[in-house]
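What follows is the residue order along each chain.
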Amino acid sequence: MITIKELKKSFNGLEVLRGVNLSIPEGKVTFIMGQSGTGKSVLLKHIVGLLKPDSGEIWFENKDITKLSEKELQKIRRKIGFLFQEGALFDSMTVKENVMFPLKEHFKMPKSEMEKTAEELLSAVDLLSAKDKYPSELSGGMKKRAALARTLALRPQVVLFDEPTTGLDPILQVSILELIKNLKEKYNLTCVIVSHDLNLAFKFADYIAFLHQGVIIEVGTPEEIKTSTNEFVKKFIESALV
Ligand SMILES: Nc1ncnc2c1ncn2[C@@H]1O[C@H](COP(=O)(O)OP(=O)(O)OP(=O)(O)O)[C@@H](O)[C@H]1O
């Protein structure tokens, strides 16, 4: 469980987060939705300590992440994986080398074991046949799957996804989310997904949270969100279903 309390963050006088409160339950898929530029990515970056808030707390395993030193954050980042929008693979490394990279950085294990682990992960994301390819040779969907395998290499408990399906066609969008859901079951992950896509959220979320004007205005199961009486949520749903 991650508990965010009264999180506030401004950039040059622009108040982006104005007191975010949110509990992210363990082993579930929580979608964070909201308009462009409302601070969804900024919120994710606070959860891995890439940004420090002006005030507020983020509790994970009895620690307030916002108060940790860079060294302590390194340990947290093994447990909380972050899949950036762009995926950010290393272009000069093959897919398999990309997946082995965090293993080399964080674990002392023999090369043969690293190779075995990387191949297992690539097989979990159905990319074993592309293990010797370079990122430039992959399609958008394959790049996202490779980045996902690399994030999972550290065996995180929590994975934060910043718009994992952006730029993919509808069939691939569903297949990436089905993959995330299967991996969640397999590795008992807690998933936090930032997305604009309400249809995907209704299909895959256990909980949906709406960020609007710097605060979480509504959290609920898809069924609860569908019958929300909040004006902004109603408008968001109406616009998405046009
Ligand atoms: N490091 C930064 N320095 C200054 N301003 C920033 C920084 N990071 C984000 N912002 C600003 O914070 C606001 C929220 O940005 P953020 O990327 O979190 O929005 P978002 O909800 O994820 O949007 P989108 O859905 O379009 O990706 C924007 O106005 C952005 O310009």
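For the structure, see preceding data.
Just so you know, these numbers come straight off a predicted model, no measurement behind them. Positions within a chain are numbered from 1, following the residues in the order the chain's sequence is written. Per-residue local features are limited, in this predicted model, to residues with pLDDT of at least 70; the limit for side-chain atom pairs, both in listing and counting, is 80 or more; totals at the level of whole chains, interfaces and linings are taken over all residues. Heavy atoms from the whole structure form the basis of all side-chain values; hydrogens and water molecules are not counted.

Draft legend 1. Quick peek at the sheet that holds strand β9 (residues 207-212). Strands are labelled as partners when DSSP assigns at least two bridges between them. Working definition: helices are DSSP H or I runs of at least four residues, strands are E runs of at least two. Numbering for both runs from the N terminus. Read from one edge of the open sheet, 6 strands run β6-β7-β8-β3-β9-β10, paired in mixed fashion. The sheet is open, and its two edges are formed by β6 (80-83) and β10 (215-220), each paired on a single side. If you compare each strand with its neighbour and ignore which way they point, the axes differ by 20° on average. Relative to β9, strand β3 (residues 29-33) runs parallel, the two sharing 4 bridges. The residue of β9 that forms the bridge with Met 33 is Phe 210. For helices, the fitted axis covers only the stretch in contact; all axes are lines through C-alpha atoms, and the angles between them, taken along N-to-C directions, range from 0 to 180 degrees.

Draft legend 2. Spotlight on the sheet that holds strand β1 (residues 2-11). Strand order across the open sheet formed by 4 strands is β2-β1-β4-β5, with antiparallel pairing between neighbours. The open sheet has two edge strands, β2 (14-24) and β5 (63-64), and neither has a second partner. Pairing analysis gives 8 bridges linking β1 to β2, with the strands arranged antiparallel. Across the sheet, Ile 2 pairs through a bridge with Ile 24, a residue of β2. Here, two residues are considered to be in contact whenever any of their heavy atoms come within 4.5 Å of each other. Strands β1, β2 and β4 (55-60) of the sheet are contacted by helix α1 (residues 40-47), whose axis makes an angle of about 120° with β1.

Draft legend 3. Representation of the site of the ligand. Only heavy atoms are used to decide nearness, and a residue is near a molecule or strand if one of them lies within 4 Å of it. Close contacts around the ligand come from 13 residues, with Gly 37, Lys 40, Ser 41, Val 42 and His 196 the closest. Computed with the Shrake-Rupley method and a 1.4 Å probe, the accessible areas treat only the protein chains shown as cover for residues. About the coverage of the ligand: the protein hides 62% of its 640 Å² of free accessible area. For the shell around the ligand, the secondary-structure elements that each account for two or more residues are β2 and α1. Of all the elements, α1 adds the most residues to the shell around the ligand, at 3 residues. Split into classes, the residues belonging to the shell around the ligand amount to 4 nonpolar, 7 polar and 2 charged. Classes in brief: Ala, Val, Leu, Ile, Met, Phe, Trp, Tyr, Cys and Pro nonpolar; Asp, Glu, Lys and Arg charged; the others, Gly included, polar.

Draft legend 4. Region of the structure containing the pairing of β10. Of the strand pairs in this sheet, β9 and β10 are connected by 5 bridges, and their pairing is antiparallel. Of the residues in β10, the one forming a bridge with Ile 208 is Gly 220. The antiparallel pairing of β9 with β10 creates a hairpin that spans 2 residues between the two strands, and Gln 213 there sits at a positive phi of about 50°.

Draft legend 5. Structural detail: the packing of aromatic side chains. For this analysis, a ring pair means two rings from Phe, Tyr or Trp (six-membered ring only for Trp) whose centres lie within 6.5 Å, classed as stacked if their planes differ by under 30 degrees, edge-to-face if by over 60, and tilted for the remaining angles. Throughout the structure, instances matching the rule amount to 4 aromatic pairs. Ring centres of Phe 210 and Phe 236 lie 5.2 Å apart, and the angle between their planes is 75°; on these two criteria the pair is classed as edge-to-face. Here the residue Phe 210 occupies a position in strand β9, and Phe 236 occupies one in helix α9 (residues 231-240), the gap between them amounting to 26 residues. When its relative accessible area of 0% is taken as the criterion, Phe 210 is described as buried. Ring centres of Phe 232 and Phe 236 lie 5.8 Å apart, and the angle between their planes is 55°; this geometry places the pair in the tilted category. In this pair, Phe 232 and Phe 236 both sit in helix α9, 4 residues apart, roughly one turn of the helix. The buried label goes to any residue with under 20% of its type's maximum accessible area, the exposed label to any with over 50%, and the partly exposed label to all in between, with areas taken from a 1.4 Å probe on protein chains only.

Draft legend 6. Expanded view of unusual backbone geometry. Although it is not a glycine, Glu 6 sits at a positive phi angle of roughly 45°. Judged by its relative accessible area of 42%, Glu 6 falls in the partly exposed class. The residue Glu 61 is not glycine, and still its phi comes out positive at about 50°. Relative accessible area serves as the criterion here: at 38%, Glu 61 is assigned to the partly exposed category.

Draft legend 7. Structural view of the pattern of salt bridges. A side-chain nitrogen of Lys or Arg and a carboxyl oxygen of Asp or Glu constitute a salt bridge if their distance falls within 4 Å. The final tally for this structure, using the stated rule, is 12 salt bridges. In this structure, the salt-bridge partner of Glu 185 is Lys 184, at a minimum N-O distance of 3.3 Å. Judged by relative accessible area, which is 54%, Glu 185 ranks as exposed. Taken together, the shared-partner salt bridges in this structure form one network comprising Lys 96, Lys 111, Glu 115 and Glu 119.

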